[in-house]
Amino acid sequence: MRERWGAVGALAVALFVVNVVARLVIKFGFPDDDTAADRVTLAMFLVIGLILAVLAFRWGSDRPVGRLAGDLAAAVGVALALTLFVGPLLVGKSPFTDGAGTFFAQIWLYAAATAAGVLVGYLTLTALGRDFRSRQLKRYAEQKAAKPRKVVRG
């Protein structure tokens, strides 16, 4: 149990660190350039999606889909909360400085990036037949094929 939540916590921290790095790059590298800030933000969302795609692929092979979804949702939820409320404070801003529109846009963009990453990773795993359920069904089929048939004498 501790191992499971440790991995989830580490993922949440990693996703938050990606956001903090992007915020620091924007603050110190491109303080007045909105185009560059948008590009850094896009790169941040791509990195977050890639991390989640890789982990959905890796974790999906040895976890049932319900547990996988719960673990990833917990990590993303914690990372999103940290990103929304702590991230801006680290660069000297208030979470609501840019208004409600920007605040909610962050939520939707983060949700879209994370959902896309998880879907790409898990659907790739499923297409390759390496997901938890496919492996269970394969073991079941091999077990049934290995048992000799019962001879019925009448």
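For the structure given in this document, a descriptive report is provided here.

Quick look at the pattern of salt bridges
Here is step 1: A complete count under the given rule lists five salt bridges for this structure.
Here is step 2: A salt bridge links Asp71 to Arg4, with the shortest nitrogen-to-oxygen separation between them at 2.8 Å. Taken together, the positions of Asp71 in helix 3 (residues 65–85) and Arg4 in helix 1 (residues 2–29) put the pair 67 residues apart, joining distant regions of the chain.
Here is step 3: With relative accessibility at 0%, the residue Asp71 sits in the buried group.
Here is step 4: Arg4 gets classed as partly exposed once you look at its relative accessible area, which sits at 22%.
Here is step 5: Among the salt bridges present, the one from Arg67 reaches Asp71, with a minimum N-O distance of 3.9 Å. With Arg67 and Asp71 both in helix 3 and four residues apart, the pair spans about one turn of that helix.
Here is step 6: The class of Arg67 is partly exposed, set by a relative accessible area of 32%.

Observations concerning the packing of helix 2 (residues 34–60) against helix 3
Here is step 1: Running from N to C, helix 2 and helix 3 point in directions that differ by 150 degrees, and their axes come no closer than 10 Å. Regarding the angle of helix 2 to helix 3, the classification is roughly antiparallel. As helix 2 packs across helix 3, the resulting crossing turns out to be right-handed. Between helix 2 and helix 3, the residues in contact are Leu52, Ala56, Trp59 and Gly60 and Leu68, Asp71, Leu72 and Val76, respectively.
Here is step 2: Here the contact of helix 2 with helix 3 is composed, by residue class, of six nonpolar, one polar and one charged.

Overview of the layout of surface pockets
Here is step 1: Of the volumes computed, that of the largest pocket is approximately 770 Å³.
Here is step 2: Along the wall of the largest pocket there are 30 residues; nearest its centre are Arg23, Ile26, Thr41, Lys93 and Asp98.
Here is step 3: Every element with two or more residues in the lining of the largest pocket is listed here: helix 1, helix 2, helix 3 and helix 5 (100–127).
Here is step 4: Among the elements that make up the lining of the largest pocket, the one with the highest residue count is helix 2 (six residues).

Regarding the side chain of Asp131
Here is step 1: Mapped onto the fold, Asp131 is located in the loop between helix 5 and helix 6 (132–146).
Here is step 2: Within the local environment of Asp131, its side chain forms a polar contact with the side chain of Ser134, the two groups lying 2.5 Å apart.
Here is step 3: In this view, Asp131 contacts Gly60, Ser61, Tyr122, Leu125 and Thr126; residues no more than four positions away in its chain are not counted.

Looking at the nonpolar core
Here is step 1: Residues Leu11, Leu15, Ile48, Leu52, Leu72 and Tyr110 are the most contacted members of the largest nonpolar core, which totals 26 residues.
Here is step 2: Of all the secondary structure elements, the ones that give two or more residues to this core are helix 1, helix 2, helix 3 and helix 5.
Here is step 3: Considering each element in turn, this core owes the most residues, eight residues, to helix 2.
Here is step 4: Excluding residues that lie within four positions of it along the chain, Leu52 makes contacts with Leu11, Leu15, Leu72, Val76, Thr114, Gly117 and Val118.

A few points about a nonpolar patch on the surface
Here is step 1: Side chains of Val13, Val17, Val21, Val25 and Phe30 sit close together on the surface and give an oily, nonpolar patch of about 380 Å² of accessible area.
Here is step 2: The topology assignment puts Val17 in helix 1.

Digging into the packing of aromatic side chains
Here is step 1: This structure, assessed with the given rule, holds five aromatic pairs.
Here is step 2: Centroid distance Phe85 to Phe103: 5.7 Å. Interplanar angle 50 degrees. Geometry classified as tilted. Of the two residues, Phe85 is situated in helix 3 and Phe103 in helix 5; the sequence distance between them amounts to 18 residues.
Here is step 3: Across the ring face of Trp59, the terminal group of Arg63 is positioned such that the distance to the ring centre comes to 4.1 Å.

Conventions used here
Residues numbered from 1 in each chain as written. Predicted model: local features only at pLDDT ≥ 70, side-chain atom pairs only at ≥ 80, totals over all residues. Heavy atoms only, no water. Salt bridge = Lys/Arg side-chain N within 4 Å of Asp/Glu carboxyl O. Helix = DSSP H or I, 4+ residues; strand = E, 2+ residues; numbered from the N terminus. Buried < 20%, exposed > 50% of the residue type's maximum accessible area, 1.4 Å probe, protein only. Axes fitted to C-alpha atoms, helices over the stretch in contact; angles between N-to-C directions. Parallel < 35°, antiparallel > 145°, perpendicular 65-115°, else oblique. Left-handed = near helix turned anticlockwise from the far one by under 90°. Contact = heavy atoms within 4.5 Å. Nonpolar A, V, L, I, M, F, W, Y, C, P; charged D, E, K, R; others polar. 1 Å grid on protein atoms, 1.4 Å probe; cavity = no way out; pocket = protein on both sides within 12 Å on 5 of 7 lines; lining within 4 Å. Points joined across faces, edges and corners; volume = space filled by probe spheres on them. Polar contact = N/O pair within 3.5 Å; in protein donor to acceptor, adjacent residues only side chain to side chain. Core = buried A, V, L, I, M, F, W, Y, C linked by side-chain atoms within 4.5 Å. Patch = residues over 30% accessible without salt bridge, like charges linked within 9 Å, V, L, I, M, F, W, Y side chains within 5 Å. Areas by Shrake-Rupley, 256 points an atom, 1.4 Å probe, with all protein chains shown as cover. Phe/Tyr/Trp six-rings, centres within 6.5 Å; stacked < 30°, edge-to-face > 60°. Lys NZ or Arg CZ within 6 Å of the ring centre and 35° of its normal.

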